[in-house]
Structures are given as C-alpha cells and as structure tokens.
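# Structure at a glance
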Amino acid sequence: MQEVPYNSDKRKLLSSLAHGSIFFSTTLLSIGVPIAIYFTSDDPIVKNNAKESINFHFNVWFWATLIGVPIAILSFLTFGIVGFLLFPVVAFGFLIHWGLTIWALLHCFGNSDEPFSYPFIFRLF
C-alpha cells in the first residue's frame, strides 16, 4: 500500500492553527477552530494535532474553573486581598498555558510529520 504524500506547509499551517487557537480560549469559540480542522482535514497528523488541541482546551477550561472560581469568590469576599496574594498562582497558570501552547507551535513548525502530545493532560476526545 502506497502512502499518500501530504503537503508539509498545509500540515504546518493547520496544525499550528489548531494549537494556536487556545490563545483565544476566553472566547469559548476558540475550540471551534480545531473542531473544524478535525472534521475537514484528511491528513492524519493534522487530525491528531486538532484532537490534542481540543483536549488541551478542555484541560485549560477545567483547571481555570477549578482554581479561578474559588480565587474570584474569595477575592470578592476579602475585597481583593486574596486575589492580590494569589496573583502568582494565576500568573503561573497562564505561564503553563501559554508555555505549553508555544511548545506545541514550535513542534508543529519544526517537526510537522509527528503530532504533538501535551504532557500531563487528561484526554476526553
């Protein structure tokens, strides 16, 4: 069976779009980008990258809710004192979120023939 050649530039672009859409995760529409890519692409690497990006979206939203909601409530109840004290926790969360996304993008640009896999996430899809 002969392997079908895939366009390397198209693979890089679509994989990068799927992973990079997480930068707009606060819109909740950002997950639509990797979902659309997953259902329209016939490239298995692009599909795997889109699926991984969807799972990463779920993880970011889960952890943001689990950590962010209690911090927001406590900040409201303490007139911002808890929010100020726990700002490093929130900043660290954004550092991880953006750092992993940048790592995924660099991987897609550098090694487009292998799908990226985020470490330490749960996969629902």
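Residues numbered from 1 in each chain as written. Predicted model: local features only at pLDDT ≥ 70, side-chain atom pairs only at ≥ 80, totals over all residues. Heavy atoms only, no water.

## Focus on the pattern of salt bridges
For the structure on display, the rule yields 3 salt bridges. One salt bridge connects D113 with R11, and the closest N-O pair in it is separated by 2.9 Å. Here R11 lies in helix α1 (residues 8-20) and D113 lies in the segment after α5 (87-110), a separation of 102 residues in the sequence. Exposure remark for D113: the relative accessible area of 56% places this residue in the exposed category. Its salt-bridge partner being R123, residue E52 comes within 2.7 Å of it at the nearest N-O pair. Highlighted residues: E52 in helix α3 (residues 44-77) and R123 in the segment after α5, separated in sequence by 71 residues. Within the structure, one salt-bridge network assembled from shared partners comprises R11, D43 and D113. (Salt bridge = Lys/Arg side-chain N within 4 Å of Asp/Glu carboxyl O. Helix = DSSP H or I, 4+ residues; strand = E, 2+ residues; numbered from the N terminus. Buried < 20%, exposed > 50% of the residue type's maximum accessible area, 1.4 Å probe, protein only.)

## With respect to the nonpolar core
Counting 8 residues, the largest nonpolar core consists of I22, F56, V60, L100, A104, F116, Y118 and I121. Discounting chain neighbours no more than four positions away, the residues touching F56 are I22, H97, L100, T101, Y118 and I121. Of all hydrophobic cores here, the second largest spans 6 residues; its members include A18, I37, Y38 and A50. (Core = buried A, V, L, I, M, F, W, Y, C linked by side-chain atoms within 4.5 Å. Contact = heavy atoms within 4.5 Å.)

## Notes on the environment of R123
Given a relative accessible area of 40%, R123 falls into the partly exposed group. With residues up to four places along the chain from it excluded, the contact list for R123 reads E52, N55, S117 and Y118. Within the structure, R123 has its side chain in polar contact with the side chain of E52 (distance 2.7 Å). Separated by 2.6 Å, the side chain of R123 and the backbone oxygen of Y118 make a polar contact. (Polar contact = N/O pair within 3.5 Å; in protein donor to acceptor, adjacent residues only side chain to side chain.)

## Regarding the packing of aromatic side chains
Taken as a whole and judged by the stated rule, the model has 9 aromatic pairs. Taking 5.5 Å as the distance between ring centres and 90 degrees as the angle between the ring planes, the aromatic pair formed by F62 and F122 counts as edge-to-face. Here F62, found in helix α3, pairs with F122, found in the segment after α5; they are 60 residues apart in sequence, far enough to count as distant. Residue classification places F62 among the partly exposed positions, given a relative accessible area of 39%. In this structure F122 comes out as partly exposed when scored by relative accessible area, which is 31%. Connected via pairs of aromatic rings, a cluster forms that spans F56, W103, F116 and Y118. Stacked on the ring of Y38, the Lys or Arg K47 has its end atom at 4.3 Å from the ring centre. (Phe/Tyr/Trp six-rings, centres within 6.5 Å; stacked < 30°, edge-to-face > 60°. Lys NZ or Arg CZ within 6 Å of the ring centre and 35° of its normal.)

## Description of helix α2 (residues 32-40)
Residues spaced three or four apart along an α-helix point in a common direction, a consequence of the helix completing one turn every 3.6 residues. When we look at burial in α2, the residues that qualify are P34, I37 and Y38. Take α2 and look down its axis: the buried residues cluster within an arc of 100 degrees, on one side only. Exposed side of α2, more than 90 degrees from the buried face: F39 and T40 are the residues found there. Against α1 and α3 lie the buried residues of α2. (Arc of directions from axis to C-beta.)

## Looking at the confidence of the model for the protein chain
Caution applies to low-pLDDT parts of the model: their predicted coordinates are not meant to be read in detail. On average, the protein chain scores 92 in pLDDT, and the residues at 70 or more come to 97%. Within the protein chain, the lowest mean pLDDT, 90, falls on helix α4 (residues 81-85), and the highest, 96, falls on α2. (pLDDT = per-residue confidence, 0-100.)

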